[in-house]
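Reading the structure
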Amino acid sequence: MADDCVKNEASSHRDGGSPDPGSQGTVNINGEAAAENQTLSKRQRKKLLKQHKWEDERELRKQRRKERKQQRRLQRQNHHHQNKEKGGDEAQNGRKRPRREVTSGSLRLVVDCSFDNLMLIKDVRKLHKQIQRCYAMNRRALHPVQFYVTSLGGQLKQSMDEKDKGWVNWKDISFKMEHFSKVVAKDKLVYLTSDSPNMLEELDQKKAYVIGGLVDHNHHKGITFKRAKELGIDHARLPLSSFVKMNSRKVLTVNHVFEIILAYLEKDSWQEAFFTILPQRKGVVALEQNRTSIQEKEDEDSDSDSGHDTAEQTEKRT
Ligand SMILES: C[S@@+](CC[C@H](N)C(=O)[O-])C[C@H]1O[C@@H](n2cnc3c(N)ncnc32)[C@H](O)[C@@H]1O
């Protein structure tokens, strides 16, 4: 019964009554309430007073909250202006900080998918996965490249539409149905191919490096070299034999070549790039970097490269 009284008192007050919290037990709502109030214990009256005080200060609290909010907004604006003056990245991103410094380069890496009809669907699926991997690695890279996938169509596009519909929303990548020679000027193209007699020494930011979009178990040996020559464009092989010794052939997968280029852009060292990217099973061992011995090694390799591995062995290792 006493508890009910307390509740009634409080709600009467909320509904517009103006009690005098100081006059213990005589809350002037109406006579009935006042009478009830007299029946309240000391503790109940105290509780009631507290409640009234809390309600009376409602407006004051609201006002204080508003002021604090305003203050925080001003602080943020000041911070933003200071950063803008410094010309910092933070200003550009509002309150957000960039996760790390990423410098996008102008170097283009093209995956040439014009070999679609030479592959079985299981190999097309492998190529699809390799392209997904290239995309993910480029998005994470410290020095991302401009990534192109050209001659997209046929089985590969079908696989992408079926298995990974989200590809149409991928960012920082250009998908082209056209052949790469229609997308980039010929004098800017360099076909990367393990059969080239030219060794890549460094990367030229103005060039577009082409990787053959092919998983062929070495059934089409030399096909990209042949294509490059037919098109009359530059070609080069990675300088693997100058920096590392491997227990397998130097025909790498699309994503390994792609990732080696990204790693080289970051580390500025072929050797580090090879060590970082090539899997251990390739038995990569560092070579002493003596230019004469490098050249000798290159000569030896171009003879022995003509392939002791069977197609299966090559694919298993790559
Ligand atoms: C699995 S390989 C395809 C091999 C194919 N038989 C050919 O003639 O290129 C995939 C692609 O990676 C690139 N690649 C592989 N190893 C390379 C190397 N050692 N140097 C330069 N490019 C390489 C080439 O662009 C190649 O087309």
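Residues numbered from 1 in each chain as written. Predicted model: local features only at pLDDT ≥ 70, side-chain atom pairs only at ≥ 80, totals over all residues.

Note the cut-off: UniProt positions are given in the numbering used here, feature names are shortened, and annotations may be inferred rather than shown by experiment.
The name that an unreviewed UniProt entry assigns to the protein is tRNA methyltransferase 10 homolog A, with the source organism given as Mola mola. The record held by UniProt for the protein lists under Catalytic activity (unreviewed entry) the comment "guanosine(9) in tRNA + S-adenosyl-L-methionine = N(1)-methylguanosine(9) in tRNA + S-adenosyl-L-homocysteine + H(+)".

1. A word on the overall build of the protein
Quick note on the threshold: The helix count covers DSSP runs of H or I at least four residues long, the strand count covers runs of E at least two residues long, and both are numbered beginning at the N terminus. Whether two residues are in contact is decided by their C-beta atoms, placed from the backbone, lying within 7 Å.
Summing up its helical and strand segments, the protein has 14 helices and eight strands in all. In the protein, the share of contacts with a sequence separation of at least 24, taken over all contacts with a separation of at least 6, comes to 76%.

2. What about the UniProt feature "active site" (unreviewed entry) in the protein?
The line we're drawing: Once C-beta atoms are placed from the backbone, each residue is buried if 20 or more other C-beta atoms lie within 10 Å of its own, exposed if 12 or fewer, and partly exposed for counts between those two.
Under the feature "active site" (unreviewed entry), the UniProt entry names Asp216. Relative to the helices and strands, Asp216 is located in the loop between strand S5 (208–212) and helix H9 (223–231). On the basis of neighbour count, Asp216 is assigned to the buried category, with 20 C-beta atoms found within 10 Å. With near-sequence residues (within four places) excluded, Asp216 lies in contact with Leu118 and Met119.

3. Structural notes on the packing of helix H6 (residues 121–140) against helix H11 (residues 254–267)
To keep things clear, this is the line we draw: Orientation is described by lines fitted to C-alpha atoms, with helices fitted over the stretch in contact, and by angles between N-to-C directions that extend from 0 to 180 degrees. By definition in this entry, angles of less than 35 degrees are roughly parallel, angles greater than 145 are roughly antiparallel, angles of 65 to 115 are roughly perpendicular, and the rest are oblique. By the definition used in this description, the sense in which the near helix is turned from the far one sets the handedness, with an anticlockwise turn below a right angle giving left-handed and a clockwise turn giving right-handed. Only Asp, Glu, Lys and Arg are considered charged, only Ala, Val, Leu, Ile, Met, Phe, Trp, Tyr, Cys and Pro nonpolar, and every remaining residue, Gly among them, polar.
Two elements in contact, H6 and H11, have axes whose closest approach is 8 Å; the angle formed by their N-to-C orientations is 15°. Classified by the angle between their axes, H6 and H11 sit roughly parallel to one another. H6 and H11 meet at a crossing whose hand is right-handed. Judged by residue contacts, Leu127, Gln130, Arg133, Cys134, Met137 and Asn138 of H6 engage Val254, Asn255, Phe258, Glu259 and Leu262 from H11. Looking at the contact of H6 with H11 residue by residue, the class counts come to six nonpolar, three polar and two charged.

4. Section: the sheet that holds strand S6 (residues 234–236)
Applied cut-off: For two strands to be treated as a pair, DSSP must find no fewer than two bridges joining them.
Spatially, six strands are ordered S3-S2-S1-S5-S4-S6 in an open sheet, and the strand pairing comes out parallel. A strand with exactly one partner marks an edge of an open sheet, and here the two such strands are strand S3 (173–175) and S6. Mean inter-strand twist for the sheet, computed between neighbouring axes without regard to direction, equals 25°. Note that strand S4 (residues 189–192) and S6 share three bridges and pair parallel. Within the sheet, the bridge partner assigned to Val190 lies in S6 and is Asp234. Relative to the sheet, H9 contacts S4, S5 and S6, its axis offset from that of S4 by approximately 160°. Against the sheet, H11 engages strand S1 (108–112), S4 and S5, with an angle of about 155° to S5.

5. Topic: the site of the ligand
Quick note on the threshold: Placing the C-beta atom from the backbone, one calls a residue near a molecule or strand if that atom lies within 6 Å of it.
Taken together, 22 residues sit near the ligand, with Leu192, Ser194, Gly212, Thr224 and Leu238 positioned nearest. Every element with two or more residues in the shell around the ligand is listed here: S5, H9 and H11. Class assignment of the residues belonging to the shell around the ligand gives a composition of 10 nonpolar, eight polar and four charged.

6. Concerning the nonpolar core
For clarity, the threshold we go by: Think of a nonpolar core as buried Ala, Val, Leu, Ile, Met, Phe, Trp, Tyr and Cys residues chained together by C-beta atoms that fall within 7 Å.
Counting residues in hydrophobic clusters, the biggest one holds 53 residues, and the most contacted among them are Val110, Val210, Ile211, Val257, Ile260, Ile261 and Phe274. When residues of this core are assigned to their parent elements, the largest contribution, nine residues, is made by H11. Leaving out residues up to four positions away in the same chain, Ile261 has contacts with Leu109, Val145, Leu203 and Tyr209.

7. Observations concerning the pairing of S4
Residues Leu189 and Tyr191 point to one face of S4 and Val190 and Leu192 to the other, with burial holding for every one of them. Looking at chain direction, S4 and S5 are connected through four bridges and run parallel. Bridging from a neighbouring strand, Leu189 pairs with Ala208 of S5.

8. Quick notes on the packing of H6 against helix H7 (residues 154–163)
Axis separation between H6 and H7 bottoms out at 9 Å; the angle between their running directions is 65°. What the angle tells us is that H6 and H7 run roughly perpendicular. Considering how the two elements wind past one another, H6 and H7 form a crossing that is right-handed. The residues of H7 that touch H6, namely those facing Ile121, Val124, Arg125, Leu127 and His128, are Gln155, Leu156, Ser159, Met160 and Lys163. The residue inventory of the contact of H6 with H7, partitioned by class, reads five nonpolar, three polar and two charged.

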